[in-house]
Amino acid sequence: MDHFNHRGGELFAEDVPVARIAAEVGTPFYCYSDATLRRHYRVLKEALAGAPGSICYAVKANSNLAVLRTLGEMGAGADVVSEGELRRALAAGIPPERVIFEGPGKTRAEMAFALTAGIDQFNIESDAELVALDDVARGWGKVANIAVRINPNVDAHSLDGISTGRKRDKFGILWPAARATYRVAAGLASVKVAGVAMHIGSQITDTLPFERAFRVVAEIVETLRADGHDIRRLDLGGGLGVPYTDERPPSPAEYARAVLRETQNLGCELVFQPGRMLVANAGILVTRVTYEKDAAGVRMVIVDAGMNDLVRPAMYKAKHTIVPVRTDGAQGPVKPTPADVVGPICETSDTFAKDWPLPPTAPGDLLAIRTAGAYGAVMASNYNTRPLVPEVMVRGNEFAVVRPRQTYESLLAGETLPPWLTGGGGVG
Ligand SMILES: *Cc1c(COP(=O)(O)O)cnc(C)c1O
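Cut-offs used in this document
- Residues numbered from 1 in each chain as written.
- Predicted model: local features only at pLDDT ≥ 70, side-chain atom pairs only at ≥ 80, totals over all residues.
- Heavy atoms only, no water.
- Helix = DSSP H or I, 4+ residues; strand = E, 2+ residues; numbered from the N terminus.
- Rg over C-alpha atoms; globule rule 2.2 N^0.38 Å.
- Buried < 20%, exposed > 50% of the residue type's maximum accessible area, 1.4 Å probe, protein only.
- Contact = heavy atoms within 4.5 Å.
- Areas by Shrake-Rupley, 256 points an atom, 1.4 Å probe, with all protein chains shown as cover.
- Lys, Arg positive; Asp, Glu negative; His and termini not counted.
- Charge placed at Lys NZ, Arg CZ, Asp CG, Glu CD.
- Arc of directions from axis to C-beta.
- Core = buried A, V, L, I, M, F, W, Y, C linked by side-chain atoms within 4.5 Å.
- Domains from an automatic or database assignment.
- Near = heavy atom within 4 Å.
- Polar contact = N/O pair within 3.5 Å; in protein donor to acceptor, adjacent residues only side chain to side chain.
- pLDDT = per-residue confidence, 0-100.
- Pairing = 2+ DSSP bridges.
- Phe/Tyr/Trp six-rings, centres within 6.5 Å; stacked < 30°, edge-to-face > 60°.
- Axes fitted to C-alpha atoms, helices over the stretch in contact; angles between N-to-C directions.
- Left-handed = near helix turned anticlockwise from the far one by under 90°.
- Nonpolar A, V, L, I, M, F, W, Y, C, P; charged D, E, K, R; others polar.
- Salt bridge = Lys/Arg side-chain N within 4 Å of Asp/Glu carboxyl O.

### Description of the overall build of the chain
And step 1. Helix and strand counts for the chain stand at 12 helices and 21 strands.
And step 2. Its C-alpha atoms give the chain a radius of gyration of 23 Å, near enough to 22 Å, the size a compact globule of 428 residues would have.
And step 3. In terms of principal-axis extent, the alpha carbons of the chain reach across some 75 × 65 × 40 Å.
And step 4. Here the chain holds 428 residues, and the buried ones make up 54% of them.
And step 5. Put simply, 70% of the contacts in the chain that link residues at least 6 apart link residues at least 24 apart.
And step 6. Of the roughly 18,700 Å² of accessible surface on the chain, a fraction of 53% belongs to carbon and sulfur atoms.
And step 7. In the chain, 46 positive and 49 negative side-chain charges are present, and the distance between their average locations comes to 2 Å.

Structure follows, in C-alpha cells:
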C-alpha cells in the first residue's frame, strides 16, 4: 500500500497534486512519500515484534539523506556497502552503533574509516578480508565485531542479476568452507566473532527460498556453537520482494512467520536488512510525454525520463506500472491501448515498458512510473550528459526538494583539459 492515489482524476502524492510539483520543479523528478516510508517501516517492525532484533535499512536501495533521516527517526539502523554510504548514514544522524558494513571488497581505507567511526559490525566475505580487517583493527587499537556472510547455496528464484546466494554468486563464503573461516577468526586478536550473516538475493516473491536459507543457517549456528564459537547474532539479510505489476510477494507477516519458525529456538538476536520493501513503493518517477509516434504499427510514447534516470528496466528487464497523472481527459475516459514507453537515450534498451496500456497522450502530459523508490535515483547516471533529476519528499500537504536538479554547469565543472590541449605544454 502506498500514498500515491488518484483523486478526482488526478494523481496525488499524499495530499499534494503531482502536477503541482511538476510545475514547480520540472520533469523528470523522483517523488517520495514520507507516510509510505513510515508505514512500511512500521508494518515490518510490527510483524517482527516477536523476533528480538533490529532493522538495519540497506542504504543502497535509496540513500537520499531525507530518506535515511526519516527511517533513522523511526529507529532504523543502516546496512552500508561503502565508505560513501557510511558517511551518508552518519550525516543523516544514524548512530554508528546501528551500522553494519557489508560487501565483498571493502578496502583497508574503508575499514579504517568504519572502525574509527565506531560502527557495530563488519560482515566478512572472505578469509583474506578477515585477515586484513584484523590487521587494520590492530593498527587502530580496536577490536572489530564480525559476522561471516555465509552463502547457503539456495536459489532465490529471483532475476538472475539479483540472486546472491547460489554457489557461483560472488557473495559470502560457502558452507562448510566458512567453518574454517570462523576457526581463523577465533585465533585473531583484533576481531571478535559476533554472529552469522546471510542474504540470498533481492525481489524474492516466494517464502520458500527464505525458509530453506533460514533453516540452513540455523543448523550452521548450532554447528558453530558446538565448535566453541559464541554466536549471539543472526543477520538474515533483506530481499523481500514488492509488487511492481502483478507480483504477489509474501507479506511482512508471512515473512516474519518463516523467520520465527526457523530461528526461534536459537536464542539469537536477529538483524534484518530490508531495502526494497521499505522504499520501493514509497517513490515514483514522474516524467512528461515529449512525443507520440507510430513505428511500423507500434505505438510509441516518448518521455523525457531515460534509462540514465531509472535503469532497472534496461538492466534487469524489470517491469514498472506506468499511469497517467491525469485520468480526467477532457474527452472523458478513453480506452487504453498498448504502447511502448521509451526514453530519449540513444540505446534500444532505453525502454520503460512494452505494450503497456495507456490512454492517448499529448505532448506535455505527465506519466508516473510507480515503485521507483528503490534502486532508482541511486543508480542514476549522467549518460548522454543528462543532469541528475531532482528528488522531492512529500509529507501531508507539503513537499520539499531534497536534492535539486543537477545543473549543466556543475555537470561540466569537474572536467579539465590536459595542458597539451590548452597550449600550456606538459610536465617532463
Ligand atoms: C542489497 C542488500 C540488501 C537489501 O536487499 P533488498 O532486496 O533491497 O531488501 C540487504 N543485505 C545485503 C547484504 C544486500 O547486499
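### A closer look at helix H4 (residues 83-91)
And step 1. The complete set of buried residues in H4 reads Glu 83, Glu 85, Leu 86 and Ala 89. Mapping the buried residues of H4 onto a view down its axis gives an arc of 160°, with all of them on the same face.
And step 2. Packing partners of the buried residues in H4 comprise helix H3 (65-74), strand S6 (77-80), strand S7 (99-101) and helix H5 (108-117).
And step 3. Just beyond H4, the residue with positive phi is Gly 93, at close to 95°.

### Section: the nonpolar core
And step 1. Ranked by internal contacts, the top residues of the largest apolar core, which has 100 residues, are Tyr 57, Phe 122, Leu 133, Ile 146, Leu 234, Leu 236 and Val 279.
And step 2. Sort the elements by how many residues they give to this core and helix H8 (residues 207-226) lands first, with 8 residues.
And step 3. Of the domains in this structure, domain 1 (4-31 + 280-413) and domain 2 (95-274) are the two that each give at least three residues to this core.
And step 4. Contact partners of Val 279, with chain neighbours within four places excluded, come to Leu 37, Tyr 57, Ala 61, Asn 62, Val 67, Leu 71, Gly 373 and Ala 374.

### Focus on the site of the ligand
And step 1. Residues in close proximity to the ligand total 14 residues, the closest being Lys 60, Ser 202, Gln 273, Arg 276 and Tyr 375.
And step 2. In the model, a nitrogen atom of the ligand is placed 3.5 Å from a nitrogen or oxygen of the Asp 79 side chain.
And step 3. Between the ligand and Gly 239 there is a distance of 2.8 Å, counted from an oxygen atom to a backbone nitrogen or oxygen.
And step 4. Burial of the ligand by the surrounding chains reaches 95%, relative to a free accessible area of 390 Å².

### Structural notes on the confidence of the model for the chain
And step 1. Per-residue confidence for the chain gives a mean pLDDT of 94; residues scoring 70 or more make up 95%.
And step 2. The least confident element of the chain, judged by mean pLDDT, is strand S10 (residues 173-174) at 94; the most confident is strand S4 (residues 29-33) at 99.

### Digging into the pairing of strand S20 (residues 391-395)
And step 1. With 4 of its 5 residues buried, S20 lies for the most part within the structure.
And step 2. Across 4 bridges, the pairing between S4 and S20 is parallel. From the neighbouring strand, Tyr 32 faces S20, where its bridge partner is Met 393.
And step 3. Bridge count for S20 against strand S21 (residues 398-403) is 5 bridges, and the pairing is antiparallel. Bridge assignment links Glu 391 to a residue of S21, and that residue is Arg 403.

### Observations regarding the packing of aromatic side chains
And step 1. Per the stated rule, a full pass over the model turns up 6 aromatic pairs.
And step 2. On the numbers, 6.3 Å between centres and 65° between planes, the contact of Tyr 255 with Phe 272 is edge-to-face. Linking Tyr 255 in helix H9 (residues 252-263) with Phe 272 in strand S13 (residues 269-272), this pair joins segments that are 17 residues apart in sequence. Each member of the pair, Tyr 255 together with Phe 272, is buried.
And step 3. Aromatic rings pair up to connect Phe 210, Phe 214, Tyr 255 and Phe 272 into one cluster.

### Observations regarding the packing of helix H2 (residues 34-47) against H9
And step 1. Where H2 contacts H9, the two axes come as close as 8 Å, and the packing angle between them is 30°. As H2 packs across H9, the resulting crossing turns out to be right-handed. Here H2 contributes Val 43, Leu 44 and Ala 47 to the contact with H9, which in turn contributes Pro 252, Ala 253 and Ala 256.
And step 2. Looking at side-chain class alone, the contact of H2 with H9 contains 6 nonpolar, no polar and no charged residues.

### Digging into the environment of Gly 237
And step 1. Along the chain, Gly 237 turns up in the loop between strand S12 (233-235) and H9.
And step 2. For Gly 237, a relative accessible area of 1% puts it in the buried group.
And step 3. Considered as a pair, Gly 237 and Met 111 are 126 residues apart in the sequence and their alpha carbons are 21 Å apart.

### Quick notes on the pattern of salt bridges
And step 1. The tally for this structure, following the rule as stated, stands at 23 salt bridges.
And step 2. Residues Arg 138 and Asp 135 are paired through a salt bridge, measuring 3.4 Å at the closest nitrogen-oxygen approach. Separated by 3 residues within a single helix, Arg 138 and Asp 135 lie in helix H6 (residues 127-139), roughly one turn from each other.
And step 3. Where Arg 261 meets Glu 211, a salt bridge forms, and the shortest distance between an N and an O atom there is 2.3 Å. Of the two residues, Arg 261 sits in helix H9 while Glu 211 sits in helix H8, which places them 50 residues apart along the sequence.
And step 4. For Glu 211, a relative accessible area of 15% translates into the label buried.
And step 5. Residues joined in a network through salt bridges with shared partners are Arg 108, Asp 134, Asp 135 and Arg 138.

### Brief notes about H5
And step 1. Taken as a whole, H5 has its buried residues at Glu 110, Met 111, Ala 112, Ala 114 and Leu 115.
And step 2. Against H4, S7, strand S8 (121-124), H6 and strand S9 (144-151) lie the buried residues of H5.
And step 3. Remark: Gly 118 follows H5 within two positions and exhibits a positive phi of approximately 85°.

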